[in-house]
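Letter by letter, the chains look like this.
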Amino acid sequence: MRTLILGGDGFCGWPTALHLSAHGHDVTIVDSLVRRRIDDELGVQSLTPIRPLSERLLAWREATEREIDFVQCDLARDYDRLVELLAEKNPETIVHFAEQRSAPYSMKSPRHKRYTVDNNANVTHNLLAAMVQVGSQAQLVHLGSMGVYGYETVPLDLPEGYLTVTYPDNDGRPQTREILYPTQPGSVYHLTKSMDQLMFQYYAHNDGIRITDLHQGIVWGTQTDETDRDVRLINRFDYDGDYGTVLNRFLVEAAIGYPLTVHGSGRQTRAFINIRDTVRCIRMAAESGDEVSGRPRVMNQMTETHRVIDLAHLVANTIGAEVNMVPNPRQEAEENRLSVRNDRLLNLGLEPTLLATGLMRESAEIAHEYVGRVDTNRIPCVSYWNRQRETAAEGA
Ligand code: UPG
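In this convention, every chain numbers its residues from 1, walking through the sequence in written order. Given that this is a predicted model, residues contribute local features only at a pLDDT of at least 70 and side-chain atom pairs are listed and counted only at 80 or more, while totals for whole chains, interfaces and linings are drawn from all residues. Based on all heavy atoms of the structure, the side-chain values leave hydrogens and waters out of the count.

A.B. asks: A description of the packing of aromatic side chains should follow, citing residues and the corresponding values.
C.D. replies: Paired rings are identified among Phe, Tyr and Trp, the last through its six-membered ring, by centres lying within 6.5 Å, and are further divided according to the angle between planes into stacked (under 30 degrees), edge-to-face (over 60) and tilted (the rest). Counted according to the given criterion, the structure contains three aromatic pairs. Look at Tyr105 and Tyr243: their rings are 5.7 Å apart centre to centre, the planes differ by 45°, and that puts the pair in the tilted class. Here Tyr105 is found in helix H5 (residues 103-106), whereas its partner Tyr243 is found in the loop between strand E9 (218-220) and helix H8 (246-256), with 138 residues between them in sequence. Of the two residues, Tyr105 and Tyr243, both sit in the buried class. With a centroid separation of 5.1 Å and an interplanar angle of 90°, the aromatic rings of Tyr202 and Tyr203 are classed as edge-to-face. Judged by its relative accessible area of 45%, Tyr202 falls in the partly exposed class. The positively charged end of Arg35 is found above the aromatic ring belonging to Tyr243, 3.6 Å away from the centroid. A cation over an aromatic ring shows up here: Arg295 above the ring of Tyr162, its NZ or CZ 3.7 Å from the ring centre. Runs of H or I in DSSP of at least four residues are treated as helices and runs of E of at least two as strands, each being numbered from the N terminus. Each residue's exposure class comes from its accessible area (1.4 Å probe, protein chains only) as a fraction of the maximum for that residue type: buried when under 20%, exposed when over 50%, partly exposed otherwise. Counted as over-ring charges are cases with an Arg CZ or a Lys NZ within 6 Å of the ring centre that also lie within 35 degrees of the ring normal.

Following this line, the structure appears as structure tokens:
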């Protein structure tokens, strides 16, 4: 299968590129390398020493005798190059990770909000328009987010993308219809993933583009079978206040004896998935999406839900750490319940890697190994978008 991985140098994109290559896909990575420039902007580096992309690709060739091609392109800006690329490569699958993916980064300032919307909305729309222009028959697999559903407590298991609603017509007769689940984004970043859904709905309906939108939970872990093969293939491990995801941050904090930073009450429930399951799910999506339905297929890509405070206690009990309740910098509900349907990926063969299986220890070991690279000044979350907190700060 000829596969383009847009954003293939990032935290999920890189291990996915290797996983698909290992499973016989003919992979081309398309990336602007912006994620590395954002590290420079923030003055932070991945906990793990990631190598330049050219060295990563050489290491993969040496380890497997498989080639991964690379095209450097800013897909939000260089539409003509994108069109050329689609015509030249004629991909059967396009995996789209090429979006700014941090909620705190998207909320740092008006510039960061505007960059996130500008980049994410333009990349998605450029891609869809280019696919129509060249008559691409590829399936588009997009990494969406569980965050589009929002985190209100609702009395149902979150369905996979669509909600069946019943309403009275003008004669009072009940009618039913499936609609995209109403979005409730909690940050500008999550807003862009919500906007993506409408673009997908339109292009699937109007142009018959085949689209799978994967609403992914919070990823934890770092290595996969493929990134483990050579130290030069090591994946990113973000721990800073902007890009670090909660469990990975707790593991690094525990490794350096920094009290775990639980935001607010810690009673926020979120959906999680290990990076090893991420790459498998994307392969299952890529290899299963042949039906043309006129509407996007949505799958919830998560394996379990946990409260933040319970994760903190799990890390404290298994690895040893102090738990610190810090004021929540985000505008989010103090507490929510969450249960999620993930039947579609389970039916495709997903065997969930659960937190209890010991992989948390593997991540903790990586955290220990690279502890000397941690800059503790970069641990606190310094992107505030909690209205009460801003008001309190202004009044002080
Ligand atoms: N949190 C803490 N302490 C921390 C960091 C986070 O309590 O030190 C809380 C945070 O307030 C939130 C929860 O943990 O309630 C989750 O935060 P985080 O792990 O940063 O996840 P999200 O902001 O939801 O975003 C991640 C990815 C995003 C993806 C999403 C999927 O960055 O790309 O779409 O997970 O759910």
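So much for the structure itself; the text now carries on.
A.B. asks: Account for the pairing of strand E2 (residues 26-31), with residues named and values stated.
C.D. replies: Within E2, five of the six residues are buried, which leaves the element mostly enclosed by the surrounding structure. With the strands pointing away from the viewer, any crossover whose connection runs clockwise from the first strand over the helix to the second is right-handed. With respect to chirality, the unit in which strand E1 (residues 2-6) leads through helix H1 (residues 13-22) into the neighbouring parallel E2 is right-handed. Looking at chain direction, E2 and strand E3 (residues 69-72) are connected through four bridges and run parallel. Its bridge partner being in E3, Ile29 is matched across the sheet by Phe70. Whether two strands pair comes down to DSSP finding at least two bridges between them.

A.B. asks: Explain the sheet that holds E1 to me, and be specific about the residues and the numbers.
C.D. replies: A sheet is described by the order of its strands in space; here seven strands give the open sequence E3-E2-E1-E4-E5-E8-E12, paired in parallel fashion. This sheet does not close on itself; its edge strands, each paired only once, are E3 and strand E12 (297-301). Taken pair by pair, the neighbouring strands of this sheet meet at an average axis angle of 20°, ignoring direction. Running at roughly 165° to E12, helix H9 (residues 275-288) makes contact with strand E4 (93-96), strand E5 (139-145), strand E8 (210-216) and E12 of the sheet. Helix axes are fitted to C-alpha atoms over the stretch in contact, other axes to C-alpha atoms as well, and angles between N-to-C directions run from 0 to 180 degrees. Working rule for contacts: check all heavy atoms of both residues, and any pair within 4.5 Å makes them a contact.

A.B. asks: An account of the pattern of salt bridges is needed here, citing residue identities and associated values.
C.D. replies: By salt bridge we mean one thing: a side-chain nitrogen of Lys or Arg within 4 Å of a carboxyl oxygen of Asp or Glu. Summed over all chains, the structure comprises 31 salt bridges. Residue Asp171 is joined to Arg173 by a salt bridge in which the shortest nitrogen-to-oxygen separation is 3.1 Å. The class of Asp171 is exposed, set by a relative accessible area of 59%. Residues participating in the shared-partner salt-bridge network are Arg35, Asp39, Arg101, Arg236 and Asp238.

A.B. asks: Describe the site of the ligand, listing the residues and the values that go with them.
C.D. replies: Residues are classed as near a molecule or strand on a simple rule: at least one heavy atom within 4 Å of it. Residues in contact with the ligand amount to 21 residues; listed here are only the nearest, Arg101, Tyr189, Val246, Thr261 and Glu332. Arg330 places a side-chain nitrogen or oxygen 2.8 Å from an oxygen atom of the ligand. Coverage of the ligand by the protein chains reaches 95% of its 710 Å² of free accessible surface. Elements represented by at least two residues in the shell around the ligand include exactly helix H7 (188-207), H8 and strand E10 (260-263). The element contributing the most residues to the shell around the ligand is E10, with three residues. Residue composition of the shell around the ligand, grouped by class: seven nonpolar, nine polar and five charged. Think of a polar contact as two N or O atoms within 3.5 Å of one another; within protein, one of them needs to be a possible hydrogen donor and the other a possible acceptor, and neighboring residues in sequence only count if both atoms come from side chains. Per-residue accessibility takes into account occlusion by the displayed protein chains alone, with areas from the Shrake-Rupley method and a 1.4 Å probe. Under the scheme applied here, ten amino acids are nonpolar (Ala, Val, Leu, Ile, Met, Phe, Trp, Tyr, Cys and Pro), four are charged (Asp, Glu, Lys and Arg), and all others, including Gly, are polar.

A.B. asks: Tell me what's going on with the nonpolar core, and back it up with residues and numbers.
C.D. replies: Residues Ile5, Cys12, Trp14, Val27, Ile29, Ile68 and Phe97 are the most contacted members of the largest nonpolar core, which totals 31 residues. Listing elements by their share of this core, those giving two or more residues are H1, E2, helix H3 (53-64), E5 and H9. Broken down by element, the residue count for this core peaks at five residues, all from H9. Apart from the residues lying within four places of it in its own chain, the contact partners of Val27 are Thr3, Ile5, Ala17, Leu20, Ser21, Glu67, Ile68 and Asp69. Here, nonpolar core means buried Ala, Val, Leu, Ile, Met, Phe, Trp, Tyr and Cys residues that are tied together by side-chain atoms lying within 4.5 Å of each other. Grouped together as the second largest cluster of nonpolar side chains are 28 residues, Val83, Ala98, Ala121 and Ala204 included.

A.B. asks: Could you give me a rundown of the sheet that holds strand E13 (residues 304-307), with the residues and numbers involved?
C.D. replies: A sheet is described by the order of its strands in space; here three strands give the open sequence E9-E11-E13, paired in mixed fashion. Each edge of the open sheet carries a strand with a single partner, namely E9 and E13. With strand direction ignored, the average angle separating the axes of adjacent strands in the sheet is 45°. When strand E11 (residues 269-274) meets E13, the two strands line up antiparallel, connected through four bridges. If you follow Ala271 over to E13, its bridge partner there is Thr305.

A.B. asks: Which residues make up the packing of helix H4 (residues 79-89) against helix H6 (residues 110-134), and what values go with them?
C.D. replies: Where H4 contacts H6, the two axes come as close as 9 Å, and the packing angle between them is 50°. For the element pair H4 / H6, the angle class is oblique. Crossing angle aside, the handedness with which H4 passes H6 is right-handed. The segment H4 lies against H6, with Tyr79, Leu82, Val83, Leu86 and Ala87 engaging Asn126, Leu127, Ala129, Ala130, Met131, Gln133 and Val134. Across the contact of H4 with H6, the residue classes tally to 10 nonpolar, two polar and no charged. Any angle between 65 and 115 degrees counts as roughly perpendicular, while under 35 counts as roughly parallel, over 145 as roughly antiparallel, and the rest as oblique. Crossing handedness is read from the near helix: turned anticlockwise from the far helix by less than a right angle, it gives a left-handed crossing, and turned clockwise, a right-handed one.

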